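Next come the chains, spelled out residue by residue.
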Amino acid sequence: MTWERTQDDHSEPGRWDGRMRTMAGSEASPSFHDYLSVLWRRKWYIALVVLIALGVALAYSFRQTPKYETTAQVLVLPVNFSPTEPSGQQSPPNMVNEVEVATSGPVTELAAERLDAENLVLAAVSVETPVTSGLLVITATSTDPESAAATANAFAESYLEFRRIVVLEDLRAVNDPIEDRLGEINNELVQAQQDLLTADTESARAALQISLGSLFSQRSLLEQKLNELVLPENLRV
């Protein structure tokens, strides 16, 4: 048998090889359907992973101790020492300062005493004030709902008690100098009246009369100021 090269054997031998290389090198990129097929083949594995993650999350949630929050609100009024003065003329309280007072040591000690009397544990407390509201919002957080409620109320009551103590001190700071001066004037009046009885000249008696008139006027003005001050039992905080 003899081998004969045909025309086809001479026809551009590199063309077929190049075509083969091109077909081998051009792999098609995965389509969306291919991804779905992969996911579908592994659906049970994915479902198992999701169930495990859900189970871990639920177990963690169930193991967490529940926490309870209770909120108490306190309206902070402007201090008014004069019952005849309109309340709108007083300057509003500095609520930033009042927030600090509500969480201060003295207020916390008063609240702790209230809770001790009820055999309850002091809960965590936070205090904030909504803008331009004049309110203190006291929030107590605890794993015990009774402690949370008692703590919020105890801080609200203790804040008002402490604020009243401070305001009463301010009232006494205004009231005491007036009363002290009234006592001095009354003593001077007694002395002047005694001197008037023993005065032996008209000029001395005239001078004492003038002095007495001045002392009476001063006493009247001071008594008026004293009467304008609010009574401690009527003081609002």
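It should be emphasised that the depicted structure is a prediction, and the values quoted were computed from it without experimental measurement. (Residues numbered from 1 in each chain as written. Predicted model: local features only at pLDDT ≥ 70, side-chain atom pairs only at ≥ 80, totals over all residues. Heavy atoms only, no water.)

To continue, consider the overall build of the chain. The helix and strand tally for the chain stands at seven helices and three strands. Its helices and strands taken in sequence order, the chain reads α-α-α-β-α-α-β-β-α-α from the N to the C terminus. Per-residue burial over the chain gives 24% buried out of 237 residues. Accessible surface, the chain as shown: approximately 17200 Å² in total, 57% of it carbon and sulfur. (Helix = DSSP H or I, 4+ residues; strand = E, 2+ residues; numbered from the N terminus. Buried < 20%, exposed > 50% of the residue type's maximum accessible area, 1.4 Å probe, protein only. Areas by Shrake-Rupley, 256 points an atom, 1.4 Å probe, with all protein chains shown as cover.)

Our next topic: helix α5 (residues 105-117). Residue pairs spaced three or four apart in an α-helix point in one direction, given the helix's 3.6 residues per turn. With 13 residues, α5 should reach 18 Å at 1.5 Å per residue; the first-to-last C-alpha distance of 18 Å fits that figure. Turning to α5, its buried residues number three or more, namely Val107, Leu110, Ala111 and Leu115. Seen along its axis, α5 keeps its buried residues to an arc of 135 degrees; they face one direction. In α5, the exposed positions angled more than 90 degrees off the buried face are occupied by Glu109, Glu113, Asp116 and Ala117. (Expected span 1.5 Å × (residues − 1). Arc of directions from axis to C-beta.)

Attention now goes to the side chain of threonine 151. Tracing the chain through its elements places threonine 151 in helix α6 (residues 145-198). A polar contact of 3.1 Å, which involves the side chain of threonine 151, links it to the backbone nitrogen of alanine 123. Other than its neighbours up to four places away in sequence, threonine 151 contacts Leu115, Val121, Leu122, Ala123, Val125 and Ala140. (Polar contact = N/O pair within 3.5 Å; in protein donor to acceptor, adjacent residues only side chain to side chain. Contact = heavy atoms within 4.5 Å.)

The contact between helix α4 (residues 95-102) and α6 brings their axes to 10 Å, and the two run at 115 degrees. With respect to their mutual orientation, α4 and α6 come out roughly perpendicular. The handedness of the crossing between α4 and α6 is right-handed. Facing Glu98, Val101 and Ala102 of α4, the residues of α6 in contact are Phe155, Tyr159, Phe162 and Arg163. For the contact of α4 with α6, a count of residues per class yields five nonpolar, no polar and two charged. (Axes fitted to C-alpha atoms, helices over the stretch in contact; angles between N-to-C directions. Parallel < 35°, antiparallel > 145°, perpendicular 65-115°, else oblique. Left-handed = near helix turned anticlockwise from the far one by under 90°. Nonpolar A, V, L, I, M, F, W, Y, C, P; charged D, E, K, R; others polar.)

It is at 8 Å that the axes of α5 and α6 come closest, and there the two elements cross at 130 degrees. In terms of orientation, α5 and α6 fall into the oblique class. Pair α5 / α6 crosses with right-handed handedness. Across the interface between the two elements, Pro106, Val107, Thr108, Leu110, Ala111, Arg114 and Leu115 of α5 pack against Ala150, Thr151, Ala154, Phe155, Glu157, Ser158, Tyr159, Glu161 and Phe162 of α6. Across the contact of α5 with α6, the residue classes tally to ten nonpolar, three polar and three charged.

The next subject is the confidence of the model for the chain. For the chain, the mean per-residue pLDDT works out to 82, and 81% of the residues sit at or above 70. Under a pLDDT of 50 for its full length, residues 1-26 has, in the predicted model, three contacts with residues more than four places off or in other chains. (pLDDT = per-residue confidence, 0-100.)

We now examine the side chain of serine 158. The topology assignment puts serine 158 in helix α6. On the basis of relative accessibility, which here comes to 0%, the residue serine 158 falls in the buried class.

Spatially, the three strands line up as an open sheet ordered β1-β3-β2, and their pairing is antiparallel. Because the sheet does not close on itself, it has two edges, and the strands there are β1 (68-75) and β2 (124-128). Recorded for the sheet is a direction-independent mean angle of 20 degrees between the axes of neighbouring strands. Bridge count for β1 against strand β3 (residues 135-142) is eight bridges, and the pairing is antiparallel. Opposite tyrosine 68, over in β3, you have serine 142 as the bridge partner. (Pairing = 2+ DSSP bridges.)

Next up on the list: the nonpolar core. Across soluble globular proteins, you tend to see nonpolar side chains buried next to one another. Ranked by internal contacts, the top residues of the largest apolar core, which has 21 residues, are Val74, Val127, Leu136, Ile138 and Tyr159. With six residues, α6 is the single largest residue contributor to this core. Residues within four places of valine 74 in sequence aside, it is in contact with Gly134, Leu135, Leu136, Ile138, Ala156, Tyr159 and Leu160. Counting 19 residues, the second-largest nonpolar core is a separate cluster that includes Ile178, Ala192, Leu222 and Val237. (Core = buried A, V, L, I, M, F, W, Y, C linked by side-chain atoms within 4.5 Å.)

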